[in-house]
Amino acid sequence: PAGAFGGGVTGVIALAAPADEQLASPLGRTSPLVKLGIALVWLLGLVLTLDPRPPLILIALAVGAGLVLGRIPARRLAAGLLPLWSVAVGIGVFNALFSGTNVDPTLAEFARLGPFRVTEQAVANGVAIALRVLTIAAVGVVFGLTTDSTRLVDALVQQGRLPERFGYGALAAYQAIPRLAEALTTLRQARRIRGLRTSWHPSILVGLLVLAIRHGDRLALAMDARAFGAGPRSRYREVRWTALDGIVGVTAIVALVGALAVGAA
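Starting from 1, residues in each chain are numbered consecutively following that chain's sequence as written. For a predicted model such as this one, the threshold for reporting local features is a pLDDT of at least 70, and the threshold for listing and counting side-chain atom pairs is 80 or more; totals across whole chains, interfaces and linings nevertheless cover every residue. Derived side-chain values reflect all non-hydrogen atoms in the structure, with water molecules and hydrogen atoms excluded from consideration.

### Considerations on the overall build of the chain
Secondary structure counts use DSSP, requiring at least four H or I residues in a row for a helix and at least two E residues in a row for a strand, with both numbered from the N terminus. Each helix and strand in the chain was counted, giving 12 helices and two strands. Starting at the N terminus and ending at the C terminus, the chain contains elements arranged as α-α-α-α-α-α-β-β-α-α-α-α-α-α. Put simply, the radius of gyration uses C-alpha atoms, and a globule should come to 2.2 Å times the residue count raised to 0.38. Its C-alpha atoms give the chain a radius of gyration of 23 Å, clearly above 18 Å, the size a compact globule of 265 residues would have. When contacts within the chain are restricted to residue pairs at least 6 apart in sequence, long-range pairs at least 24 apart make up 73% of them. As displayed, the chain offers around 15200 Å² of accessible surface, 70% of which is attributable to carbon and sulfur atoms. Taking the 25 positively charged and 14 negatively charged side chains of the chain as two groups, their mean positions are separated by 8 Å. Two residues form a contact once any of their heavy atoms are found within 4.5 Å. Values of accessible area rely on a 1.4 Å probe in the Shrake-Rupley scheme; residue burial ignores everything except the protein chains shown. For the purpose of counting charges, residues Lys and Arg are taken to be positive, whereas Asp and Glu are taken to be negative. His and the chain ends are not included. Charge coordinates come from a single atom per side chain, which is NZ of Lys, CZ of Arg, CG of Asp or CD of Glu.

Structural data, given as structure tokens:
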């Protein structure tokens, strides 16, 4: 159908958008900057180990936090995790099959798949990489389902000192994606009314590019009219540090240290 692609994009964005219940949850009220910091610290911590237990512990903690502290419905969380976890498994398998250790005759062979000789070391490395990606995917999905994009940019600007022009410009570009999906649907429907093919055609891409440029031009003029980047500004939405931010941050660091300790034992 003419609107299949546009509707699909809009549906994916709607799936990723947090609901009011998630935004009102403890994780939803936590500063987005704290949650970004947790994701970064966990990623750096996982680089220090190849043991599979630390990422498994952190995956369980991330999913549990999303279900309990983030109040994310299990079905919605699973729908967000499944595509990313499928990719993570694929990355692990690819790294195991094409690892340089597979050509080392001194290493123990794990399996032989047609022309591929897979060593135990290659499997261990592939599993370690896949588990790291699974962990970051779990943290990312929980972050996305408990964080409002506007509050994220507010936190980056107010707490992270990100330049306003860049921060709110990126937010405007992100919020323009659903509009571009709707514009694509409109363009394809217009071609159908004229009796033309509604499949991909260069004229559709040209029309979409023109609409994107016009929309970007209007956004730039609107931001200039509001004097973004011209000097100090008042705040409509204040983002402040709270005790909840400290509790969540410290708990995440303790969890990482504990998981790494289990892996080192």
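Read on for the rest.
### A look at the pairing of strand β2 (residues 116–119)
Here, a strand pair is defined by DSSP locating no fewer than two bridges between the strands. Where strand β1 (residues 109–113) lies against β2, four bridges are found, and the strand directions are antiparallel. Each residue of the ladder has a partner; that of Arg-112, found in β2, is Arg-117. Taken together, β1 and the strand that follows it, β2, pair antiparallel across an intervening segment of two residues, in which Gly-114 is found at a positive phi of about 60 degrees.

### Focus on the pattern of salt bridges
Salt bridges are counted wherever a side-chain nitrogen of Lys or Arg sits within 4 Å of a carboxyl oxygen of Asp or Glu. As enumerated under the stated definition, the model contains four salt bridges in all. The partner of Arg-117 in a salt bridge is Glu-109, with the nearest N and O atoms 3.3 Å apart. Note on Arg-117: relative accessible area 17%, which makes it buried. Overall, the relative accessible area of 37% leaves Glu-109 in the partly exposed class. Each residue's exposure class comes from its accessible area (1.4 Å probe, protein chains only) as a fraction of the maximum for that residue type: buried when under 20%, exposed when over 50%, partly exposed otherwise.

### Observations concerning the packing of helix α5 (residues 53–68) against helix α6 (residues 74–97)
For helices, the fitted line uses only the C-alpha atoms of the stretch in contact; every axis is such a line through C-alpha atoms, and the angle between N-to-C directions lies from 0 to 180 degrees. At their nearest, the axes of α5 and α6 sit 10 Å apart, and the two run at 145 degrees to each other. Relative to α6, α5 is oriented so that their crossing is right-handed. Two secondary-structure elements touch here, α5 through Ile-59, Val-63 and Leu-67 and α6 through Ala-74, Leu-77, Leu-81 and Trp-85. Left-handed describes a crossing whose near helix is turned anticlockwise from the far helix by less than a right angle; the clockwise case is right-handed.

### What to know about the packing of aromatic side chains
Each Phe, Tyr or Trp ring (for Trp, its six-membered ring) is paired with any other whose centre lies within 6.5 Å, and the angle between the two planes then decides the class: stacked below 30 degrees, edge-to-face above 60, tilted in between. Under the definition given, this model contains one aromatic pair. Measuring from centroid to centroid gives 4.7 Å for Phe-94 and Phe-98, while their planes differ by 40 degrees, and the two rings are tilted. With relative accessibility at 49%, the residue Phe-98 sits in the partly exposed group.

### As for the confidence of the model for the chain
In low-pLDDT segments, the atomic positions of the prediction should not be examined closely. The pLDDT score gives, residue by residue, the confidence of the prediction method on a 0 to 100 scale. Averaged over every residue, the pLDDT of the chain is 83; residues scoring 70 or more account for 90%. Between residues 1–15, whose pLDDT stays under 50, and residues either more than four places distant or in other chains, the model counts 22 contacts.

### A closer look at the nonpolar core
Judged by nonpolar contacts, the single largest core of 25 residues is most densely connected at Ile-38, Trp-42, Leu-58, Val-63, Leu-77 and Leu-81. When contributions to this core are tallied by element, the ones reaching two or more residues are α4 (32–46), α5, α6, α7 (120–145) and α12 (243–264). Aside from chain neighbours lying at most four places away, what touches Val-63 is Leu-77, Leu-81, Trp-85 and Ala-138. Residues grouped as a nonpolar core are buried Ala, Val, Leu, Ile, Met, Phe, Trp, Tyr and Cys residues, joined through side-chain atoms within 4.5 Å. Grouped together as the second largest cluster of nonpolar side chains are five residues, Val-153, Val-157, Leu-171 and Met-223 included.

### A short note on the side chain of Asp-154
By secondary structure assignment, the location of Asp-154 is in helix α8 (residues 149–158). Given a relative accessible area of 2%, Asp-154 falls into the buried group.

### What about α6?
To estimate the expected span of a helix, subtract one from its residue number and multiply by 1.5 Å. Across its 24 residues, α6 extends 33 Å between first and last C-alpha, which sits within 8% of the 34 Å expected from 1.5 Å per residue. Axes are fitted to the seven residues ending at a residue and to the seven starting at it; the angle between these axes is taken as the bend at that residue. Within α6, the axis deviates most sharply at Leu-82, by approximately 30 degrees, and proline Pro-83 lies no more than four positions further along. All of the buried residues along α6 are Arg-76, Leu-77, Gly-80, Leu-81, Ala-88, Gly-92 and Ala-96.

### Side note on the packing of helix α10 (residues 177–193) against helix α11 (residues 202–225)
Two elements in contact, α10 and α11, have axes separated by 10 Å at closest approach and are oriented at 140 degrees. Here α11 runs oblique to α10, going by the angle between their axes. α10 and α11 meet at a crossing whose hand is right-handed. Contacts between α10 and α11 pair Arg-179, Leu-180, Ala-183, Leu-184, Leu-187, Arg-188 and Arg-191 from the former with Ser-203, Ile-204, Gly-207, Leu-208, Leu-211, Ala-212 and His-215 from the latter. In this scheme, roughly parallel covers angles under 35 degrees and roughly antiparallel covers those over 145, while 65 to 115 is roughly perpendicular and the rest are oblique.

### Section: the environment of Val-157
Positionally, Val-157 belongs in helix α8. Classification of Val-157 by relative accessible area gives buried; the value is 4%. The spatial distance from the C-alpha of Val-157 to the C-alpha of Gly-167 is 6.6 Å, given a sequence separation of 10 residues. Other than its neighbours up to four places away in sequence, Val-157 contacts Leu-162, Pro-163, Glu-164, Tyr-168 and Arg-235.

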